[in-house]
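The residues making up each chain are set out below.
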Amino acid sequence: MAMPLRDLWPRWRASLRRSPAAFQSLLAGLPEPALWLDGAARLRGGNAALRAALGPSLPLRTGTPITLIFAPESRAALQQWLAGGPEPPELRLAAPLGQPGLIVLPRRIALPQGEAVLLLTDAAPRKALAAQLAESDRLQALGGLAGGIAHDFNNLLSVVLGAAEEARRHLGENPDPALAAELEQVRQAAQRGAGLVRQLLAYARQQVLEPRLVPLNTAVSEMARMLRPLLGRAIALELELDSPGRLVRIDPSQLDRVLMNLAMNARQAMPEGGRLTLATSRALLLQPEPAMPEPIPAGRWTVLEVRDTGHGIPPEILPRIFEPFFTSRPQQGGTGMGLATVHGIVRQSGGYIAVESRPGQGTRIRILLPRTEAPAAGPPSPPAASLPTDRAQAEPAPAEAPMAAPAGGGPLLLVEDEAPLRRLAERTLRRAGWPVLAAEDAEAALALAAESPPALLVSDVMMLGAMDGPALARALRARNPRLPVLLVSGYAPSVVEEGLSDQGLRFLAKPYTAAELTAAVADLADVAGASCGTPQS
């Protein structure tokens with residue numbers, strides 16, 4: 001272990017009194033550049049690290065003025081400091097062979113008879129760490145802004161999507177083709193907007209996740225089978241899986257989304273073909289590791305690595321690749337949300353991401369997730385049939401599934417503070433067979449529930465008033481502990497923080513289609529009926 005400087009000073013002074021040669025030996029053993037000055041600020045000695053930093057063009061000779069060892073732009077600050085002025089925050093060494101000189105953080109140790117030792121620490125690692133921390137803070141601020149606008153934006157999209165579906169319904173079985181085409185464009189635009197907001201929430205680390213233990217090797221192997229046909233024949237996909245395999249705690253669908261986004265980015269980087277490698281491994285970091293976009297803390301990590309042999313990322317672009325809406329290929333339809341989404345998913349899952357890339361040498365992306373040794377609970381989820389990448393995909397809405405209300409149950413209590421969306425949801429649920437009581441806030445919902453106890457609650461998470469959706473659910477469950485609850489929201493920070501651990505409590509993200517709402521309610525009613533032994537009609 002290195003000895004603190006305050007403990008070294010007495011030893012150096014004692015060594016200097018005994019023998020200058022012994023003192024020079026102590027100086028030579030230091031790992032950082034150091035030099036020994038006499039009382040007239042001339043060189044008495046230096047170590048190997050200083051010689052390496054200066055290069056062969058400037059040999060260290062006894063009696064050399066100290067100013068010659070530093071670059072011209074640093075000499076004035078150096079002389080003021082040695083004359084008793086303020087300590088400069090950094091200095092630049094003389095340039096070896098015309099190259100930029102090393103920037104150092106200076107420390108001065110006073111010795112007897114006016115002599116001194118200058119310790120020169122390389123400033124690059126510290127400056128890089130400060131830049132990474134600043135970048136991390138900036139990304140976090142942008143993420144907070146994204147989460148803040150998501151709630152209102154998703155409410156608006158829900159109204160647009162629901163109104164388009166209602167208008168299409170009123171057209172009947174044989175609608176006017178031109179009018180039907182216009183409504184389809186409205187629906188698709190709303191779906192694309194919804195996909196973009198989902199990506200923003202992923203970036204802002206405000207998704208409602210369902211993490212569980214996933215065997216990483218199995219998940220990567222399953223995803224590789226889906227990726228091979230998407231990559232094309234010109235790109236070879238290789239697996240390098242660690243043995244034994246490791247478990248990670250993550251939402252399986254989000255892990256698939258991460259792999260899909262990274263693979264599609266790699267495909268874009270290899271238009272002429274190449275090799276994409278998916279690898280798993282483990283890492284033990286005894287101290288924080290500098291990385292881009294942020295340092296990785298010390299700890300035990302399970303590592304997922306994605307490497308390609310593409311054209312690489314230019315250094316001027318590399319620090320910006322995780323910014324939302326930043327894309328280097330707007331002509332190809334990129335929205336700039338692919339890597340921003342990946343970063344948000346990884347960080348919300350407790351992990352970190354590190355990117356290394358050089359032009360012409362490909363890109364290496366490491367995802368480090370906290371290691372866990374707990375046994376897996378059941379098989380991993382299969383990869384989703386279709387996952388969005390950097391471009392939001394709009395698919396036609398499925399037809400509404402017919403649904404009947406539970407036999408012998410009470411009404412469905414719908415709580416939604418957005419009036420147009422409340423009306424659309426009420427019509428949808430009534431068509432599905434539910435008697436519906438609608439309220440605009442939690443206080444009105446409690447009054448309705450007191451008169452007619454509900455069989456099921458569908459509530460927005462964020463509402464006006466003193467009580468939000470989860471608080472309303474707790475209040476109603478105090479009266480009926482088996483009450484099934486469906487929470488809906490476009491932005492639900494309380495659900496993100498607390499999770500959905502209660503049985504009979506589900507979440508549906510806005511904007512939702514009529515079919516998605518009725519399917520979620522039907523599934524919740526079926527589960528609640530089965531759990532309490534109530535037959536369903």
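Not measured: the values here are computed from a predicted model. (Residues numbered from 1 in each chain as written. Predicted model: local features only at pLDDT ≥ 70, side-chain atom pairs only at ≥ 80, totals over all residues. Heavy atoms only, no water.)

A. Focus on the confidence of the model for the protein. When pLDDT is averaged along the protein, the result is 80, and 79% of the positions lie at 70 or above. Here helix H1 (residues 5-18) is the element of the protein with the lowest mean pLDDT, 52, and strand E13 (residues 412-415) is the one with the highest, 96. (pLDDT = per-residue confidence, 0-100. Helix = DSSP H or I, 4+ residues; strand = E, 2+ residues; numbered from the N terminus.)

B. Quick peek at unusual backbone geometry. Here the amide bond leading from methionine 292 into proline 293 is cis, since omega sits at 20°, within 30 degrees of zero. With respect to the secondary-structure elements, proline 293 resides in the loop between strand E9 (274-285) and strand E10 (299-308). In this structure, proline 511 follows lysine 510 across a cis peptide bond, with omega equal to -5°. Residue position: proline 511 is located in the loop between strand E17 (505-509) and helix H14 (514-532).

C. Quick look at the pattern of salt bridges. Counted under the stated rule, the structure contains 19 salt bridges. Among the ionic contacts, a cluster of salt bridges with common partners joins Glu240, Glu305, Arg307, Glu356 and Arg364. (Salt bridge = Lys/Arg side-chain N within 4 Å of Asp/Glu carboxyl O.)

D. Structural context of the packing of aromatic side chains. Tallied over the entire structure, the rule returns one aromatic pair. With a centroid separation of 5.7 Å and an interplanar angle of 85°, the aromatic rings of tryptophan 301 and tyrosine 352 are classed as edge-to-face. Of the two residues, tryptophan 301 is situated in strand E10 and tyrosine 352 in strand E11 (residues 352-357); the sequence distance between them amounts to 51 residues. Sitting above the plane of the tyrosine 352 ring, arginine 347 keeps its charged end 4.1 Å from the centroid. (Phe/Tyr/Trp six-rings, centres within 6.5 Å; stacked < 30°, edge-to-face > 60°. Lys NZ or Arg CZ within 6 Å of the ring centre and 35° of its normal.)

E. Summary view of the sheet that holds strand E4 (residues 103-110). Ordered in space as E2-E1-E5-E4-E3, the five strands form an open sheet in which the pairing is antiparallel. Strand pairing shows two members of the sheet lacking a second neighbour, strand E2 (43-46) and strand E3 (91-92), which therefore form its edges. Direction of pairing for E4 relative to strand E5 (residues 116-122): antiparallel, over a ladder of seven bridges. For leucine 105, the partnering residue across the bridge sits in E5 and is threonine 121. (Pairing = 2+ DSSP bridges.)

F. Spatial organisation of the nonpolar core. Counting residues in each nonpolar core, the largest one holds 41 residues, and the members touching the most others are Leu227, Leu262, Leu276, Ile321 and Ile367. Residues contacting leucine 262, with those up to four places away along its chain left out, are Val306, Leu339, Val342, Ile365 and Ile367. Among the nonpolar cores identified, the runner-up in size contains 20 residues, and Leu414, Leu429, Leu486 and Leu517 belong to it. (Core = buried A, V, L, I, M, F, W, Y, C linked by side-chain atoms within 4.5 Å. Buried < 20%, exposed > 50% of the residue type's maximum accessible area, 1.4 Å probe, protein only. Contact = heavy atoms within 4.5 Å.)

G. Representation of the packing of helix H8 (residues 252-269) against helix H9 (residues 338-348) in the model. Packing of H8 against H9 leaves a shortest axis separation of 9 Å and a crossing angle of 150°. Judged by the twist between their axes, the crossing of H8 over H9 is left-handed. Residue-level inspection shows Gln254, Arg257, Val258, Asn261, Leu262 and Asn265 of H8 in contact with H9, the latter providing Gly338, Leu339, Thr341, Val342, Ile345 and Val346. Across the contact of H8 with H9, the residue classes tally to six nonpolar, five polar and one charged. (Axes fitted to C-alpha atoms, helices over the stretch in contact; angles between N-to-C directions. Left-handed = near helix turned anticlockwise from the far one by under 90°. Nonpolar A, V, L, I, M, F, W, Y, C, P; charged D, E, K, R; others polar.)

H. Focus on the packing of helix H6 (residues 177-203) against H9. Contact geometry of H6 with H9 gives a least axis separation of 6 Å together with a crossing angle of 45°. It follows that H6 is oblique to H9 by the angle criterion. Mapping the contact onto sequence places Gln199, Ala202 and Tyr203 in H6 and Ala340, Thr341, Gly344 and Ile345 in H9. Of the residues belonging to the contact of H6 with H9, the class tally is four nonpolar, three polar and no charged. (Parallel < 35°, antiparallel > 145°, perpendicular 65-115°, else oblique.)

I. Molecular detail of helix H11 (residues 442-451). Of the residues making up H11, those classed as buried are Ala442, Ala445, Leu446 and Ala449. Within H11, the buried residues cover an arc of 100° as seen down the axis, which keeps them to one side. Seen from the buried face of H11, the exposed residues on the opposite side, beyond 90 degrees, are Ala450 and Glu451. On its buried face, H11 is in contact with E13, strand E14 (436-439) and helix H12 (469-479). Where H11 begins, one side-chain oxygen reaches toward the backbone nitrogen of glutamate 443, 3.3 Å away; that side chain belongs to aspartate 441. (Arc of directions from axis to C-beta. Polar contact = N/O pair within 3.5 Å; in protein donor to acceptor, adjacent residues only side chain to side chain.)

J. Up close: the environment of leucine 472. Positionally, leucine 472 belongs in helix H12. Assessed through its relative accessible area of 0%, leucine 472 is described here as buried. In this structure the C-alpha to C-alpha distance between leucine 472 and leucine 457, which are 15 residues apart in sequence, comes to 9.4 Å. In this structure leucine 472 touches Val415, Ala442, Ala445, Leu446, Leu457, Ser459 and Met467, once residues within four positions along its chain are discounted.

K. Structural context of H8. The first and last C-alpha atoms of H8 sit 26 Å apart over 18 residues, in line with the 26 Å expected at 1.5 Å per residue. Burial analysis of H8 places 14 of its 18 residues in the buried class, the great majority of the element. (Expected span 1.5 Å × (residues − 1).)

L. Molecular detail of the sheet that holds E17. Strands sit in the order E14-E13-E15-E16-E17 across an open sheet of five strands; the sheet is parallel. In the strand order of this sheet, the two ends are held by E14 and E17, each with one partner. On average, adjacent strands in this sheet sit at an angle of 15° to one another, irrespective of strand direction. Where strand E15 (residues 456-460) meets strand E16 (residues 485-489), four bridges bridge the pair, whose relative direction is parallel. Bridge pairing in E16 links leucine 457 to valine 485. Against the sheet, helix H10 (residues 419-431) touches E13 and E14, its axis set at about 170° to E14.

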